[in-house]
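# Structural description and commentary
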Amino acid sequence: MKPARFTYHDPAAIADVLALLAEHEDSRLLAGGQSLMPMMNFRFVQPAHLIDLNRVAELGYIRADAGTLAFGAMTRQRQIQRDANVQQACPIMIEALSHVGHRQTRARGTIGGSISHFDPSAELCNMAALHDAQFVLARKGNQRTLGFDQFARGYLTTAIEPGEMLQEIRLQRWAKPYGFAFEEFAMRHGDFAICAVSVLLTLTGSGAIDAIAIAVSGVAPTPQRLRGFEAAARGQMPGHALCREAALQAAAIEAMSDAYTTAAYRTHLARVLTYRALEKAVARFKSQDMT
Amino acid sequence: MSDTRNISVVVNGKSYQRTVDTRRTLGDFLRLDLGLTGTHFGCEHGVCGACTVRVDGTAVRSCLMLAVQANGKSVQTVEGMAEGDILTPLQTAFRDRHALQCGFCTPGILMTMAEFLEENPAPSEADVRDALSGNLCRCTGYQNIVDAVLQTADTLRKTRDAA
């Protein structure tokens, strides 16, 4: 198997990428190639022009600002996993990345590539939903920034338009201390998840929920936040009843079905994993409180 | 009409200049253009790991990289491991522990585990299994591969201690 013919471009600067995108309508951006290359090998995708981003050094960075963690689109998954700032500021990201493919694919795979591909069960898309990410989209002579709800359009579909490139992903990071958990089920470790659930939370001095975010992916075509539950949970004590309520909310998401996994099974996993994730995040918050 | 580029790649310490189709994958370049058929293609879509080679030291899927992307880089394949008849400690452990049967997946596993052991000289069994998760083997059931990797770590540790 090999890709259909294309004209190859390997620009070294963002400005040159955007000029090429503007010039060639039938083009694709090649990031880490861990999703696009398989699709090209299968000839699901046959772009006339392939614009390789691997020489664009200015797209690979991790910047920790007050309140945000910004990633250049070409930052490799392995680089994020090993970054001391991310390990310290955003440990849930490290847990999520441990489920992303395998060491060989993380060595090439990028955060921008994964998010542009927008697989419904991709861990990095879940992280973007959980952290109310903002997405910087660039085109020749223009740039715009979208929030997660504007960016996420549907199954493998984002708001990125022809001629546009995802340049930066900004996660809104939480101030420590907070509790967190990432729970996933896949048929084998490193496979795409069938369902994944992530939780961030803080508790008040009396042990009630102060702030909470829950993102469920692999169930609907895009990662879903449990907004209704998050609002209702504030001020409540996080015990069995609250975990159960979260689980029921997750189970209420309208689930996809495909040849391998039924909607009923996805719903079951959403319920079980949400309960577990919330319970674990609470326990983690409490254990760090005591130290 | 094909789109071609002149590339210069160092493979196993030897420099090669070739003109390649830009759609040529790195794995096909190694096998078809250079005749280095030790690198095996299994699935050609990044799932099986048989085609894993090291590019500037990093273990990657050669079916998911274009040859043109290796321009100016240094590639190591399974042919670059042993020196003549002298196997590396990892290869020796694979032989001693019967960590291969048909051998089709073995080159990719050796490339992956060589990188892994350089980064994790004292791995646990769980670490090895995690690192091995990107390589499929249909013969062994993995146990002997895990044993061989752990034995290699042990051998290398003793060698270091003795030095």
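Here's what I pulled together on the structure shown here.

Attention now goes to the packing of helix H2 (residues 89–96) of chain B against helix H5 (residues 143–162) of chain B. Residue and element names in this part refer to chain B. Taken N-terminus to C-terminus, the directions of H2 and H5 make an angle of 135°; their axes are 8 Å apart at the nearest point. As judged from the angle between their axes, H2 and H5 are oblique. Here the hand of the crossing between H2 and H5 comes out right-handed. Listed contacts from H5 to Pro 89, Leu 90, Ala 93 and Phe 94 of H2 are Ala 148, Gln 151, Thr 152, Thr 155 and Leu 156. Here the contact of H2 with H5 is composed, by residue class, of 6 nonpolar, 3 polar and no charged.

This part covers helix H1 (residues 14–23) of chain A. Residue and element names in this part refer to chain A. Where H1 is concerned, the buried positions are Val 17, Leu 18 and Leu 21. Buried residues of H1, viewed axially, fall in a sector of 95°; they line one side. Looking at the buried positions of H1, the neighbouring elements they touch are strand S2 (27–30), strand S3 (49–52), strand S6 (134–139) and strand S10 (165–172).

Chain B puts 25 residues into the contact, and the matching count from chain A is 23 residues. Counting residues per element, the side of chain B that touches chain A draws most heavily on strand S4 (residues 58–61) of chain B, which supplies 4 residues. Residue composition of the side of chain B that touches chain A, by class: 7 nonpolar, 12 polar and 6 charged.

Once that is clear, we can look at unusual backbone geometry. When glycine is set aside, most residues are seen to have a negative phi, and most peptide bonds are trans. Residues and elements named next belong to chain A. Here the amide bond leading from Lys 176 into Pro 177 is cis, since omega sits at 5°, within 30 degrees of zero. Along the chain, the position of Pro 177 falls in the loop between S10 and strand S11 (179–185). The phi dihedral of Arg 43 is positive, around 65°, even though this residue is not glycine. In this structure, Arg 43 sits in the loop between helix H2 (36–41) and S3. Classification of Arg 43 as exposed rests on a count of 11 C-beta atoms within 10 Å.

Calculation criteria
Residues numbered from 1 in each chain as written. Chains lettered and ligands numbered in written order. Predicted model: local features only at pLDDT ≥ 70, side-chain atom pairs only at ≥ 80, totals over all residues. Axes fitted to C-alpha atoms, helices over the stretch in contact; angles between N-to-C directions. Helix = DSSP H or I, 4+ residues; strand = E, 2+ residues; numbered from the N terminus. Parallel < 35°, antiparallel > 145°, perpendicular 65-115°, else oblique. Left-handed = near helix turned anticlockwise from the far one by under 90°. Contact = placed C-beta atoms within 7 Å. Nonpolar A, V, L, I, M, F, W, Y, C, P; charged D, E, K, R; others polar. Buried ≥ 20, exposed ≤ 12 C-beta atoms within 10 Å, placed from the backbone. Arc of directions from axis to C-beta.

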